[in-house]
Structures are given as structure tokens and as C-alpha cells.
Amino acid sequence: MIRFEEITNKNIWKVCALEPFEEQKDFVADNIQSLAEAYATRNEGNNALPLAVYNDDVLIGFIMIGKGTVGNEDESDLIKENYCLWRFMIDKQFQNQGLGKQTLDAAIALIRTFPFGESEKVWLSYEPENTRARDIYGKYGFLENGEMCGNEIVAVYELLDENCDD
Ligand SMILES: CC(C)(COP(=O)(O)OP(=O)(O)OC[C@H]1O[C@@H](n2cnc3c(N)ncnc32)[C@H](O)[C@@H]1OP(=O)(O)O)[C@@H](O)C(=O)NCCC(=O)NCCS
């Protein structure tokens with residue numbers, strides 16, 4: 001079962017040692033860089049929640065959830081007001097086993113607990129070449145909205161849609 005743990009001195013260097021395949025390295029920041037960004041974001045009073053991903057007791061990946069600014073200039077209302085799946089990676093050793101999909105599911109479930117207060121949407125962004133991430137997000141229900149975040153395509157998931165189906 002997928003579960004998340006906060007980053008502590010117990011797991012920080014193991015988390016920093018996680019890496020995707022060589023050809024995926026342009027698609028996601030190094031975890032150590034994400035942790036530095038989380039630190040700076042929190043120091044500015046903004047929201048960043050970096051988490052280690054475990055499959056039962058095995059460390060398999062890293063996610064970072066944000067809400068509001070991700071430190072860019074001229075951010076849209078979508079970005080200013082909503083949750084963001086800011087980072088998402090599964091170590092190369094554990095990819096292609098369905099764990100990425102399960103992690104995405106668990107990340108959205110965590111966002112639905114609204115750790116930084118309520119919002120209607122979750123957004124994320126990916127490089128146009130990252131067709132694999134695009135497929136996973138698309139199947140999950142993320143829709144591209146035409147926005148770009150730097151060079152990355154933005155896609156949005158509506159948190160309220162599912163509530164309506166209940
Ligand atoms: C994107 C990522 C998290 C997916 O993790 P994963 O554990 O391999 O994902 P899963 O095993 O759950 O597979 C998800 C889907 O990808 C498909 N897939 C698996 N291997 C694939 C491959 N080599 N090429 C294309 N699709 C593949 C699976 O079939 C599955 O699709 P399905 O729903 O049709 O079965 C992982 O590839 C990764 O960490 N990539 C590098 C970092 C990155 O790009 N992060 C996203 C930044 S926006």
C-alpha cells in the first residue's frame with residue numbers, strides 16, 4: 001500500500017538518492033533541489049509539502065504538493081488559488097509496476113484532505129516531450145487548459161466533479 005512520510009533526517013539522504021531513468025532526468029528536478037525549493041517557499045510563508053513515497057516499508061519515490069504560488073512571475077489565478085502536484089517521481093527501480101498510478105491516486109486523496117485549506121482544482125505541468133506523464137495524468141482526468149508554466153504544459157483536475165457524482 002502506498003503511504004507518505006514527511007522528510008526527516010532519517011530518510012532525507014535516501015530520498016535524495018532516488019532517481020528516474022537517465023532519459024527522464026530533464027522532466028523532473030532532482031529531489032535535493034525540490035527540497036531546497038520547499039524550504040525557500042515555506043520561508044516566504046507559502047505552501048510546500050515534500051513527501052517521501054513508500055510502498056509498504058519500501059521507499060519508492062517523492063512527491064511535493066503546493067498551494068498558491070510556485071515562485072514564478074505573472075502567475076495565473078489558477079496557480080495562485082489552487083493545489084499543485086509540484087513534483088512527482090518514482091525511482092527507476094520501481095517504475096512500470098503500477099506504483100506511479102497508485103501514488104497519483106494517493107496524492108489526490110491527500111489533497112482532498114485540504115492540508116492548506118480548500119480549493120476547487122489541482123494543477124500540474126509537464127514537458128511536451130513527457131508523453132508518459134501526459135498519458136498517466138490524462139487517464140486520471142487531468143485536462144490541458146491551454147496554459148503554459150514556463151515551457152511546460154499545464155493540466156487541471158477538478159476536485160469538485162467527483163463530489164457531484166457522490
Ligand atoms: C511518470 C512516472 C511517475 C510514472 O511512474 P510508474 O510507476 O512507472 O507508472 P505506472 O507503472 O503506474 O504506469 C503508468 C502508466 O504508464 C504506462 N507505462 C509504463 N511503462 C511505460 C513506458 N516505458 N512507456 C510508456 N508508458 C509506460 C503504464 O502502462 C501505465 O499505463 P496504463 O494505465 O495504460 O497501464 C515515472 O515514469 C517517473 O518518475 N518519471 C520521471 C519523472 C516524471 O516525469 N515525473 C512527472 C513530471 S511532470
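For the structure itself, look to the data block above.
Below is a summary of the structure that appears in this document. (Residues numbered from 1 in each chain as written. Predicted model: local features only at pLDDT ≥ 70, side-chain atom pairs only at ≥ 80, totals over all residues. Heavy atoms only, no water.)

### What to know about the overall build of the protein
Counting secondary structure elements, the protein contains six helices and seven strands. Helices (α) and strands (β) of the protein occur, in sequence order from the N terminus, as β-α-α-β-β-α-β-α-β-α-β-β-α. Oriented by its inertia axes, the alpha-carbon framework of the protein measures out at about 35 × 35 × 35 Å. When burial is assessed residue by residue, the protein has 43% of its 166 residues classed as buried. Taking all contacts inside the protein whose residues are at least 6 apart in sequence as the whole, residues at least 24 apart take part in 65%. When the accessible surface of the protein is summed, it comes to about 9200 Å², and 47% of that surface belongs to carbon and sulfur atoms. (Helix = DSSP H or I, 4+ residues; strand = E, 2+ residues; numbered from the N terminus. Buried < 20%, exposed > 50% of the residue type's maximum accessible area, 1.4 Å probe, protein only. Contact = heavy atoms within 4.5 Å. Areas by Shrake-Rupley, 256 points an atom, 1.4 Å probe, with all protein chains shown as cover.)

### Focus: the site of the ligand
Not every one of the 21 residues close to the ligand is listed here, only the nearest: Phe88, Asn96, Gly98, Arg132 and Lys139. At 3.2 Å, a backbone N or O of glutamine 97 approaches an oxygen atom of the ligand. Between the ligand and lysine 101, the relevant distance is 2.8 Å, taken from an oxygen atom to a main-chain nitrogen or oxygen of the residue. Of all elements in the fold, only β4 (83-90), α4 (99-111), β5 (121-126) and α5 (131-140) reach the threshold of two or more residues within the shell around the ligand. Ranked by residues supplied to the shell around the ligand, first place goes to α5 with four residues. Residues of the shell around the ligand, tallied by class, amount to 10 nonpolar, eight polar and three charged. (Near = heavy atom within 4 Å. Polar contact = N/O pair within 3.5 Å; in protein donor to acceptor, adjacent residues only side chain to side chain. Nonpolar A, V, L, I, M, F, W, Y, C, P; charged D, E, K, R; others polar.)

Purely spatial values, then, with no claim about function.
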